[in-house]
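Structural overview
Given next are the chains, with one letter for each unit.
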Amino acid sequence: DAMVIQNPRYQVTQFGKPVTLSCSQTLNHNVMYWYQQKSSQAPKLLFHYYDKDFNNEADTPDNFQSRRPNTSFCFLDIRSPGLGDAAMYLCATSNAPTGFAYEQYFGPGTRLTVT
Amino acid sequence: AQTVTQSQPEMSVQEAETVTLSCTYDTSESDYYLFWYKQPPSRQMILVIRQEAYKQQNATENRFSVNFQKAAKSFSLKISDSQLGDAAMYFCVSFGNEKLTFGTGTRLTIIP
């Protein structure tokens, strides 16, 4: 089945130690998104790639970076994680433009713990 | 800018009964879409139902239906014959200007 895969599902890192989260997709969608979701809150968009074009949200901290080496993969790099970065990180994809709404397909998320 | 408001942080319903989750939104876009997404505990978010703003007819997907009131900017979700598997956080979401805007969510509990 076509899907969005995130690895690892759970990640523990130390304060200030760089960490990379991975997302891959078999949907061949051209848009990939990274969201941060803290406990019992709505997901917050960090950035997205439209094909190879990177689009950063204005309020995304510089501590967060992303790479998309090809259509299938996208990475989230946190250069110096702080305690406040502990959250669920969701990857999503969509196919745009399409003849209907740009609904997004979400991965299961990576839960990041910062110690 | 778009905003989405869900005024019910938590709801509960007896199994097999019907429940309605409320949502209001605001947008300056003339062409937009509305969604309800479901996020079960420890599981991935999935799309429940979609409504194109230009369509007057309310969307329906099996036990799930919406009441879309465009003038009032209201988009409620009705779940009929509630099942235990419906227990989840439900997010009302608008799409416009290439971006999803999420409401704060409603946690739905199903009472056996």
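Here, residues in each chain are numbered from 1, in the same order as that chain's written sequence. By the order in which they are written, chains take letters starting at A while ligands take numbers starting at 1. Note on the predicted model: pLDDT of at least 70 is required for a residue's local features to be given, and 80 or more for side-chain atom pairs to be given and counted; whole-chain, interface and lining totals, by contrast, use all residues. Each side-chain value is worked out from all heavy atoms of the structure, with water and hydrogens disregarded.

What follows covers the packing of aromatic side chains. Only Phe, Tyr and Trp rings take part, Trp by its six-membered ring, and two of them pair if their centres are within 6.5 Å. Stacked means planes under 30 degrees apart, edge-to-face means over 60, and tilted covers everything else. Using the criterion set out here, one finds 16 aromatic pairs over all chains in the structure. Ring plane angle 40° and centroid distance 6.1 Å describe the contact between A:Phe64 and A:Tyr89, whose orientation is recorded as tilted. Here A:Phe64, found in strand S7 (residues 64–67), pairs with A:Tyr89, found in strand S9 (residues 87–94); they are 25 residues apart in sequence, far enough to count as distant. In this scheme, a residue with accessible area under 20% of its type's maximum is buried, one over 50% is exposed, and one in between is partly exposed, where area comes from a 1.4 Å probe on protein chains only. Residue A:Tyr89 is classed as buried on the basis of its relative accessible area, which comes to 0%. Following the ring pairs from residue to residue traces out a cluster consisting of A:Tyr33, A:Tyr35, A:Phe106, B:Phe35, B:Tyr37, B:Phe91 and B:Phe102. To qualify as a helix, a DSSP run of H or I must reach at least 4 residues; to qualify as a strand, a run of E must reach at least 2; elements of each kind are numbered from the N terminus.

The next thing to look at is the nonpolar core. By nonpolar core we mean a set of buried residues, namely Ala, Val, Leu, Ile, Met, Phe, Trp, Tyr and Cys, connected to one another through side-chain atoms within 4.5 Å. Ranked by internal contacts, the top residues of the largest apolar core, which has 24 residues, are B:Trp36, B:Phe75, B:Leu77 and B:Tyr90. Taken together, the elements giving at least two residues each to this core come down to strand S3 (19–21), strand S5 (33–39), strand S6 (46–52), strand S8 (64–69), strand S9 (74–79), strand S10 (88–96) and strand S12 (106–111) of chain B.

Another point: the state of the cysteines. Residues and elements named next belong to chain A. Throughout, a disulfide means two cysteine sulfur atoms within 2.5 Å of one another. Scanning the model with the defined rule gives 2 disulfides over all chains in all. Here cysteine 23 pairs with cysteine 91 through a disulfide, and the sulfurs are 1.9 Å apart. In this structure, the disulfide formed by cysteine 23 and cysteine 91 twists by about -75° around the S-S bond and is classed as left-handed. Separated by 68 residues along the polypeptide, cysteine 23 in strand S3 (residues 19–25) and cysteine 91 in strand S9 bring together distant segments of the chain. Summarising the burial analysis for this pair, cysteine 23 and cysteine 91 share the class buried.

All quantities given are derived from atomic positions and should not be read as evidence of function.
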